[in-house]
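# What the coordinates show
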Amino acid sequence: MDMSVSAYFRRGASLVPLLCEELHKGSSGRLAVLGGSVEYTGAPFLAGMGAMRAGVDILHIITHPDAAVPIKALSPDLIVHPLLHPDPSEKVLKPILALLERVHAVLIGPGLGREPGALALVAKVAEHLHNAGKPVVLDADALMAVMENPAAFRGHPNVILTPNINELKRMCEAMGVPSGEPAAMAAGISEKLSGPDAPDGPVVVAKGASDIAVRGKTTVPVKQHGSPRRAGGQGDILSGILGAFAAWSTLPKAPGGGDNLLAGAAAACSINRRASAKAYELQGRGMLASDMLIHVAPSVDRFISEHSNDE
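None of the values given here were measured: they were computed from a predicted structure. All chains use their own residue numbering, which begins from 1 and follows the written sequence. Residue-level local features of this predicted model are given only where pLDDT is at least 70; pairs of side-chain atoms are given and counted only at 80 or more, and the full residue set underlies all totals for whole chains, interfaces and linings. The basis for every side-chain value is the complete set of non-hydrogen atoms in the structure, without hydrogens or water.

## Observations concerning the side chain of His 156
Among the secondary structure elements, His 156 is positioned in the loop between α6 (142–148) and β6 (159–161). Polar contacts, as counted here, are pairs of nitrogen or oxygen atoms within 3.5 Å of one another; within protein the pair requires one atom able to donate a hydrogen and one able to accept it, and residues that are adjacent in sequence qualify only if both atoms are side-chain atoms. At 3.4 Å, the side chain of His 156 forms a polar contact with the backbone oxygen of Ala 152. Throughout, a contact is declared for two residues whenever any of their heavy atoms are within 4.5 Å. Ignoring any residue separated from it by four or fewer positions in sequence, one finds His 156 in contact with Ala 126, Glu 127, His 130, Leu 193, Ala 198 and Pro 202. Starting at the N terminus, helices and strands are each numbered in turn, a helix being any DSSP run of H or I of at least four residues and a strand any DSSP run of E of at least two.

This is the structure:
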């Protein structure tokens, strides 16, 4: 059943766990980020901190051994595992999959790199998560795995894809989707990846001047004001917030009877844009992606306040 944009935002707000003294560590979500490489250590850090600032309790980063120490040095709040070798062998996969059993959702891609072995690993991990019924966010370099082998991701309902406009165009070209307006291209990709278990396909978040969350023929535009700054790393923070909502969609108190993943994706986009706007207000032209992190939690609270009772 189609819902209004405001109804999706209300559902998104209801996914955020309420804080109370009865909670225990992990009650508000456990997320894993699979990413990072020798060249890119900032991306998984920003994604992980975006999720934690949104309210996730426990954040695991599974990364390349050479990236692990730099990420550990950036924050004591992240649990960093040097397990990500660009080799999809069973020896590499086994400890990664064992760790993923402990989390509610997984984000794959920030800083991952595009080595063939890394992309093959993405497909194998995503298939395992699909079989386990766990939501997964595929961002940045992980999207290359979808472009190279769309069939491996067809029929996965618990997936969020996060292309920017250039990635969106490349995905359309790879999948034979006509070029056009971002909403139409995102819908085309979602429908191309539909299957028996996902008749409407995955959620596609098309990032741009305004963000659009799409699943099949359902589109939720996010027109929240952001900032004109395009510093590297802003998309990584969004992917972390998306991961937080993906994790929250699995919690026992998550609302039933609707598309929580689509609602959570739209909510995450709105929150990220609010944090960007506040950071830009304070830092102007010199704003960095890391300046956004401290504004994520207040942006979550404002989003809840505005959309919990907006009927």
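## Comments concerning the packing of aromatic side chains
In this analysis, rings of Phe, Tyr and Trp, with Trp reduced to its six-membered ring, are considered paired at centre separations within 6.5 Å, and the interplanar angle assigns stacked below 30 degrees, edge-to-face beyond 60, and tilted for intermediate values. Evaluation of the coordinates by the stated rule reveals two aromatic pairs. Taking the centre distance of 5.7 Å and the plane angle of 85 degrees together, the rings of Phe 9 and Phe 303 count as edge-to-face. On the criterion of sequence distance, the pair formed by Phe 9 in helix α1 (residues 5–15) and Phe 303 in helix α11 (residues 296–307) is long-range, its members being 294 residues apart. In this structure Phe 9 comes out as buried when scored by relative accessible area, which is 11%. With 4.9 Å between their ring centres and 75 degrees between their planes, Phe 245 and Trp 248 make a pair best called edge-to-face. In this pair, Phe 245 and Trp 248 are both assigned in helix α9 (residues 234–248), three residues apart and thus about one turn of the helix distant. Accessibility classification places Phe 245 together with Trp 248 in one group, the buried group. When a residue's accessible area, from a 1.4 Å probe over protein chains only, is under 20% of the maximum for its type it is buried; when over 50% it is exposed; and in between it is partly exposed.

## Digging into the side chain of Asn 260
For Asn 260, the position within the fold is in helix α10 (residues 260–283). According to the relative accessible area criterion, Asn 260 is buried, its value standing at 11%. Not counting the four nearest positions on each side in its chain, Asn 260 is found in contact with Arg 11, Leu 15, Ser 249, Ala 254 and Pro 255.

## Quick word on the pattern of salt bridges
In what follows, salt bridge is the name for a side-chain nitrogen of Lys or Arg lying within 4 Å of a carboxyl oxygen of Asp or Glu. Tallied over the entire structure, the rule returns seven salt bridges. Among the ionic pairs, Arg 273 bridges to Asp 211, the shortest N-O distance being 3.4 Å. Within this pair, whereas Arg 273 is found in helix α10, its partner Asp 211 is found in strand β8 (residues 211–215), the two being separated by 62 residues in sequence. Note on accessibility: Arg 273 and Asp 211 belong to one class, buried. In this structure, Arg 215 engages Asp 259 in a salt bridge whose closest nitrogen and oxygen atoms are separated by 2.6 Å. On the criterion of sequence distance, the pair formed by Arg 215 in strand β8 and Asp 259 in the loop between α9 and α10 is long-range, its members being 44 residues apart. For Arg 215, a relative accessible area of 10% corresponds to the buried category.

## Regarding the pairing of strand β2 (residues 58–62)
β2 sits mainly inside the fold: five of its five residues count as buried. Side chains Ile 58, His 60 and Ile 62 project from β2 onto one buried face, and the interleaved Leu 59 and Ile 61 project onto a second face that is buried too. Pairing geometry for strand β1 (residues 30–34) and β2, over five bridges, is parallel. Bridged to Leu 31 within β2 is Leu 59. Read from β1 through helix α2 (residues 42–54) to β2, the crossover connection turns out right-handed. When DSSP finds at least two bridges between two strands, those strands are taken to pair. Relative to strand β3 (residues 79–81), β2 runs parallel, the two sharing three bridges. Bridge pairing in β3 links Ile 61 to Val 80. Viewed with both strands pointing away, a crossover whose connecting path from the first strand over the helix to the second turns clockwise is right-handed.

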